[in-house]
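# Summary of structural features
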Amino acid sequence: MKEMIKMVVVLTVLSALSGGVLAKLESFTKDKIEMQVLNLVKGPAIRTILAGASNDPLTDRFTIKDEDTERNIFVGVFDGKPDTVAFEVSGKSFGGDIGLMVAVNVTDDKIVGVGVTTSADTPGLGLRAKTDPSFAAQFKGHAADKPFKVTTDGGTINALSGATITSRGVCAAATDAESVYKRIKPQLIAKLKDYSK
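These figures come from a predicted structure and were not determined experimentally.

Moving on to the pairing of strand E3 (residues 81-93). Pairing of strand E2 (residues 69-78) with E3 involves 4 bridges; the strand directions are antiparallel. Within E3, the residue paired with Phe74 across the bridge is Ala86. Connecting E2 to the next strand, E3, in antiparallel fashion are 2 residues, including Asp79 with a positive phi near 50°. Both E3 and strand E4 (residues 96-105) contribute to a ladder of 10 bridges, which runs antiparallel. By the bridge assignment, Thr84 is partnered in E4 with Asn105.

This is the structure:
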């Protein structure tokens, strides 16, 4: 019986130490992991849709509370004005969730660009939503107040050949971005007024 108690005590102490070490390691690496995700996953889409900005949108960012979600907002400065913002939304696709970065000009409420950040769709088919610039270009210039749909559903977006479900997922995410934008626009305007370059 003594051996059993001894073994339980030793296991408890080892478990507590291991948990403490893992918690410390997680807090130590959290910022580094976030920067890697930002640079390697979201960064390419942000840099593409905010191309031509005179600042680095990955550095110039802030967070906004949107209902229960904390949203990262990336600022693009064009012609000396911080009037373009990008944020991420998601939609359902063939392979699961699809992340979409959407940039909107807050002056004219028009979409500046969209870029897929994450997708588990089939390479060569659905994954083209991330790599085909002509697909993403269809969203540019649209007012951020009307739902997006593929042409087969009565909309204006030409679906990727062989990837209609993915195209619908991107459209759903872009439509969701419109409602997010409407909710957070007053906060965006206030933050951008305080934003100094």
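Let's pick the thread back up.
As a further point, take the packing of aromatic side chains. Inspection of every chain in the model, using the stated rule, returns 2 aromatic pairs. Arranged with centres 5.8 Å apart and planes meeting at 80°, the rings of Phe135 and Phe139 form a pair that is edge-to-face. Like Phe139, Phe135 is buried. Ring centres 5.1 Å apart and planes at 55° place the aromatic pair Phe139 and Phe148 in the tilted group. For Phe139, a relative accessible area of 0% puts it in the buried group. Joined through ring pairs, the aromatic side chains of Phe135, Phe139 and Phe148 make up one cluster.

The strand order across the open sheet formed by 5 strands is E1-E2-E3-E4-E5, and the pairing between neighbours is antiparallel. In this open sheet, the two edge strands, each paired with only one partner strand, are strand E1 (61-66) and strand E5 (110-118). Along the sheet, successive strands turn relative to each other by an average axial angle of 35°, direction set aside. Across 7 bridges, the pairing between E4 and E5 is antiparallel. When the sheet's bridge partners are listed, Asn105 is paired in E5 with Lys110.

You can see Ser93 is positioned in strand E3. Taking relative accessible area as the criterion, Ser93 reaches 11% and is therefore assigned buried. As a C-alpha pair, Ser93 and Val170 span 77 residues in sequence and 7.7 Å in three-dimensional space.

With that out of the way, let us pick up the pattern of salt bridges. Within the structure shown, the criterion is met by 7 salt bridges. Close ionic contact of Lys92 with Asp97 constitutes a salt bridge, the shortest N to O distance being 2.8 Å. Its relative accessible area of 47% is what places Asp97 among the partly exposed residues. Within the structure, one salt-bridge network assembled from shared partners comprises Asp66, Glu67, Arg71 and Arg183.

Right, let's get into the confidence of the model for the chain. Caution applies to low-pLDDT regions: their predicted coordinates should not be interpreted in detail. Summarising the model, the chain shows a mean pLDDT of 86, and 91% of its residues fall at 70 or more. At the level of individual helices and strands, the chain shows its lowest average pLDDT in helix H2 (residues 128-131), which scores 80, and its highest in E2, which scores 94.

Right, let's talk about the nonpolar core for a bit. If you look at the biggest cluster of nonpolar residues, it comprises 36 residues, and the most contacted ones within it are Leu100, Phe139 and Leu188. For this core, the secondary structure elements donating two or more residues are E1, E2, E3, E4, E5, helix H3 (133-137) and helix H4 (164-194). Sorting elements by how many residues they give to this core places H4 first, with 10 residues. Sequence-distant contacts of Leu188, defined by excluding residues within four places in its chain, comprise Phe62, Ile64, Ile73, Val85, Val106 and Tyr181. By size, the runner-up hydrophobic cluster in this structure holds 9 residues, among which are Ala45, Ile46, Leu58 and Ala86.

Given a rise of 1.5 Å per residue, 31 residues ought to cover 45 Å, and the 42 Å separating the end C-alpha atoms of H4 matches this to within 8%. If you look at H4, its biggest bend is around 55°, right at Ile184, and the proline Pro186 turns up within four residues after that.

Rules used in this analysis
- Residues numbered from 1 in each chain as written.
- Predicted model: local features only at pLDDT ≥ 70, side-chain atom pairs only at ≥ 80, totals over all residues.
- Heavy atoms only, no water.
- Pairing = 2+ DSSP bridges.
- Helix = DSSP H or I, 4+ residues; strand = E, 2+ residues; numbered from the N terminus.
- Phe/Tyr/Trp six-rings, centres within 6.5 Å; stacked < 30°, edge-to-face > 60°.
- Buried < 20%, exposed > 50% of the residue type's maximum accessible area, 1.4 Å probe, protein only.
- Axes fitted to C-alpha atoms, helices over the stretch in contact; angles between N-to-C directions.
- Salt bridge = Lys/Arg side-chain N within 4 Å of Asp/Glu carboxyl O.
- pLDDT = per-residue confidence, 0-100.
- Core = buried A, V, L, I, M, F, W, Y, C linked by side-chain atoms within 4.5 Å.
- Contact = heavy atoms within 4.5 Å.
- Expected span 1.5 Å × (residues − 1).
- Bend = angle between axes of the 7 residues up to and from the residue.

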